[in-house]
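# A closer look at the structure
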Amino acid sequence: MRRLAILLAVLILAGVGGGNADAVTPEARHKVITAASKNLVEIGLSYRGDQIHFFGVNPVPGSDLIIRLTAEKSEEVKLSVKGRVGPVWMTVKQYDVTGSPFMYKIHSNKPMSQIISPALAQELELGYPGVRHQMKMHLARGEAAPDDADKVFTGLIKIKEEANLYNIVEDPKRLEISEGRLFKHYFRFPPAATEGRYLVESFAFQNGELVGYGKDVIEIKKVGLEAWMTNTSQNQPVLFGILAVVIALGAGLLVGMIFKKGGHH
Amino acid sequence: MEIYLPIAGMSINFFLVLGIGGVVGFLSGLFGVGGGFLLTPLMMMIGIPPAVAAASDSNQIVAAASSGAYAHWRLGNVDFKMGLIILAGGIAGGTIGVQFVKILRAGGNFEFVMKVVYVLMLGLVGGAMFIESWRTIRRSKSGAAAGSEEMGGAKMGGMFSKLPLKMHFHHSGLHTSAIFPFAIGTIVGIMAALLGVGGGFIMVPAMIYIIGMPTIAAIGTDLFQIVLTSANVTLQQAFVNKTVDLLLALILLAGSTIGAQFGAIAGKRLKGEQIRILLAIIVLTLTVKLFLDLVLTPSDLVSLAPAKGGGH
């Protein structure tokens, strides 16, 4: 039932959101048929990220594959740039960045430059130049400098890569294609990958042209105590705040009394 | 054992958080400080978003301080009269301080100003405390003036004994003006809001050296007023910023409430000047770390600015 709901949502999204930059659905002759080891990841108490395996059929035997994982929603972040002022380092300017995906990973069976032209990569938003093309920077504070765009972009990529939210792996061992037909690979979702919907898109290319396309949707959601705490804190902050203080007071006094009893012996 | 923190939005080692809570709780029980000035930087170091770290720390300080305050109350170390007067000042100061923070934020670089104030305050307090307690220890080692602990404080307290609104503080054995504890409460309240901490590390030295309270009564009384001020901050954070991670706070308070008990017991066994020199060393170490943060070239010039919603 849930699968059906997701599928339905995907169809609606593909239809309605066609003009949306985040949901470009490229025209391709063939569909890349894929199966994911799971489509729903539940965040429970012991969640520490997850790994999802994908299997698929290459629609045109021998063609090359590029697979992209993105968060459905793009992010709005503020980045601070530090500079030297006298003897100390302080924030000298800030940029509001919009349009960058929260998560962005690419797997390809060989270097992308050997598969497609930079222009096509740009158009399909495959690779960091494509991400940068979609990104919009707006100076929020301070004085702009000519190399700011480079600096901010490189800084953002570094922050994301360190959190394992961005990476690009161009390696036939990571994206295995058996006899040119069956392929398999996996994506690692780090613990920082929060609730939301993620798209896994498979692109097949032959002679630099797109010949096949397929899409999977992965949903990450909190369950149980995690979901309850998140919902209560965001939707009923007064209740949550009072609860937090009462629990803290109770725990503190309880431990105090327990230790007092023990102290008599 | 990994555990996922719902509001911080990250998975972290359970025992690492428990251990940090325990160590900070021990120091809290020993020195009568809330531990916020140690806990917030430590939480940020292990990757908790700053807004979530600060809010959840306030929540756990409620527990650690109430546990410590209870222990000190049983040992007869809480001067409630003094505590309430300081608390009244603290609430007034906190309200003013929050407005300062708002103005500084609007002008940018709040974090920078905070660090500079931290370095100046901690350096001054830590340095003065270190020199004073070092002298006391050396003096008592040479066999002279065993009861010199209150001397410096009494001298300064005397300066203010001419002020009106005199009250008798039976518990601390003081007869002094109520204006002064209230004023100190106000100043510390402003500082606490600016620095995002409980303020014990300023309050305790102020109570000892300026008001002239005995070390142990100052610690007990400070813990008492911290319970109420940090409860207030937790509520504000939960209402306004929604950044209190109850799960993180629960793990921290499990560690810290237990740690605080041992701290209070250790505090009873150590001499006042020994406690003070230990606190001075911790404060000075933190000062050096913050100073280096300001002057050394950061490894990353570009960083994510703290988001309004913390983990979201």
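### What to know about the overall build of chain A
Secondary structure summary: chain A contains six helices and 14 strands in total. The buried share among the 265 residues of chain A stands at 29%. In chain A, once contacts between residues fewer than 6 apart in sequence are set aside, the share between residues at least 24 apart is 74%.

### Re the overall build of chain B
Across its full length, chain B holds eleven helices and five strands. Within chain B, the fraction of its 312 residues that count as buried is 53%. Long-range pairs, those at least 24 residues apart, make up 79% of the contacts in chain B between residues at least 6 apart in sequence.

### Some thoughts on the pairing of strand β2 (residues 10–13) of chain B
Only one face of β2 of chain B is covered, namely the face carrying Met10 and Ile12 of chain B; the face carrying Ser11 and Asn13 of chain B is uncovered. In textbook terms, the turn of a hairpin is the stretch between consecutive antiparallel strands, and for strand β1 (residues 2–5) of chain B and β2 of chain B this stretch comprises four residues, one of which, Gly9 of chain B, has a positive phi near 70°.

### Considering the sheet that holds strand β2 (residues 33–36) of chain A
Residue and element names in this part refer to chain A. Strand order in the open sheet made by the four strands is β2-β4-β12-β11, with antiparallel pairing throughout. Pairing within the sheet leaves two strands with one partner each, and these edge strands are β2 and β11 (176–178). Each strand of the sheet is rotated relative to its neighbour by a mean of 20°, with strand direction disregarded. Bridge analysis of β11 against strand β12 (residues 182–189) gives three bridges, and the strand direction is antiparallel. The residue of β12 that forms the bridge with Ser178 is Leu182.

### As for the interface of chain A and chain B
Facing the 49 residues of chain A at the interface are 45 residues of chain B. Of all the secondary structure elements, the ones that give two or more residues to the side of chain A that touches chain B are β6 (74–85), β7 (88–101), α4 (148–162), α5 (224–235) and α6 (237–263) of chain A. Taken together, the residues of the side of chain A that touches chain B break down into 27 nonpolar, 13 polar and nine charged.

### As for the environment of Ile184 of chain B
Residues and elements named next belong to chain B. Along the chain, Ile184 falls in helix α7 (residues 179–195). Assessed through the 21 C-beta atoms surrounding it within 10 Å, Ile184 is described here as buried. The spacing of Ile184 and Leu75 is 109 residues in sequence and 25 Å in space, taken between C-alpha atoms. In this view, Ile184 contacts Ile86, Gly89, Ala206, Ile210 and Ile211; residues no more than four positions away in its chain are not counted.

### A closer look at the environment of Leu239 of chain A
When you line up the elements, Leu239 of chain A lands in helix α6. Spatially, the C-alpha atom of Leu239 of chain A lies 29 Å from that of Val77 of chain A, the residues being 162 residues apart in sequence.

### Brief notes about the sheet that holds strand β5 (residues 302–304) of chain B
Spatially, β9(A)-β7(A)-β6(A)-β5(B) is the arrangement adopted by the four strands of the open sheet, whose pairing is antiparallel. Where the open sheet ends on each side, the last strands, each with one partner, are β9 (136–141) of chain A together with β5 of chain B. Strand after strand, the sheet turns through a mean of 30° between neighbouring axes, direction not considered. Note that β6 of chain A and β5 of chain B share three bridges and pair antiparallel. Residue pairing for β5 of chain B: Leu79 of chain A is matched across the bridge by Leu304 of chain B.

### Regarding the confidence of the model for chain A
All names here are of chain A. Confidence in the prediction for chain A averages 85 pLDDT; 88% of positions are at 70 or higher. Looking at the elements of chain A, mean pLDDT is at its lowest for helix α1 (residues 2–16), recorded as 48, and at its highest for strand β8 (residues 104–108), recorded as 95. Between residues 7–24, whose pLDDT stays under 50, and residues either more than four places distant or in other chains, the model counts nine contacts.

### Quick word on the packing of helix α2 (residues 36–45) of chain B against helix α3 (residues 50–74) of chain B
Residues and elements named next belong to chain B. Closest axis-to-axis distance for the α2/α3 pair is 9 Å, and the angle between their directions is 140°. In terms of orientation, α2 and α3 fall into the oblique class. Of the two elements, α2 crosses α3, and the hand of that crossing is right-handed. On the side of α2, the interface is formed by Gly36, Leu39, Thr40, Met43 and Met44, while α3 contributes Pro50, Ala53, Ala54, Asp57 and Ile61.

### Structural notes on the pairing of strand β4 (residues 50–57) of chain A
Residues and elements named next belong to chain A. Note: β2 against β4, four bridges, orientation antiparallel. For Ala36, the partnering residue across the bridge sits in β4 and is Phe54. By the bridge criterion, eight bridges tie β4 to β12 in an arrangement that is antiparallel. Across the sheet, Val57 pairs through a bridge with Leu182, a residue of β12.

### Focus on helix α1 (residues 14–31) of chain B
Compared with an ideal rise of 1.5 Å per residue, which puts 18 residues at 26 Å, α1 of chain B spans 26 Å between its outermost C-alpha atoms and is within 8% of the ideal. Those residues of α1 of chain B not exposed but buried are Val17, Ile20, Gly21, Gly22, Val24, Gly25, Phe26, Leu27, Ser28, Gly29, Leu30 and Phe31 of chain B.

### Details of the environment of Lys222 of chain A
All names here are of chain A. With respect to the helices and strands, Lys222 occurs in strand β14 (residues 209–222). Judged by C-beta crowding, with 20 C-beta atoms within 10 Å, Lys222 ranks as buried. In sequence terms Lys222 and Lys78 are 144 residues apart; their C-alpha atoms lie 26 Å from each other.

### Section: the packing of α3 of chain B against helix α10 (residues 246–269) of chain B
Residue and element names in this part refer to chain B. Running from N to C, α3 and α10 point in directions that differ by 25°, and their axes come no closer than 8 Å. The orientation of α3 with respect to α10, classified from their angle, is roughly parallel. Between α3 and α10 lies a crossing whose hand is right-handed. Every residue of α10 that contacts α3 at Ser56, Asn59, Gln60, Ala63, Ala64, Ser67, Gly68, Ala71 and His72 is listed here: Leu248, Ala249, Leu252, Leu253, Ser256, Thr257, Ala260, Gln261, Gly263 and Ala264. Classifying every residue of the contact of α3 with α10 by side-chain character gives nine nonpolar, ten polar and no charged.

Parameters at a glance
Residues numbered from 1 in each chain as written. Chains lettered and ligands numbered in written order. Predicted model: local features only at pLDDT ≥ 70, side-chain atom pairs only at ≥ 80, totals over all residues. Helix = DSSP H or I, 4+ residues; strand = E, 2+ residues; numbered from the N terminus. Buried ≥ 20, exposed ≤ 12 C-beta atoms within 10 Å, placed from the backbone. Contact = placed C-beta atoms within 7 Å. Pairing = 2+ DSSP bridges. Axes fitted to C-alpha atoms, helices over the stretch in contact; angles between N-to-C directions. Nonpolar A, V, L, I, M, F, W, Y, C, P; charged D, E, K, R; others polar. pLDDT = per-residue confidence, 0-100. Parallel < 35°, antiparallel > 145°, perpendicular 65-115°, else oblique. Left-handed = near helix turned anticlockwise from the far one by under 90°. Expected span 1.5 Å × (residues − 1).

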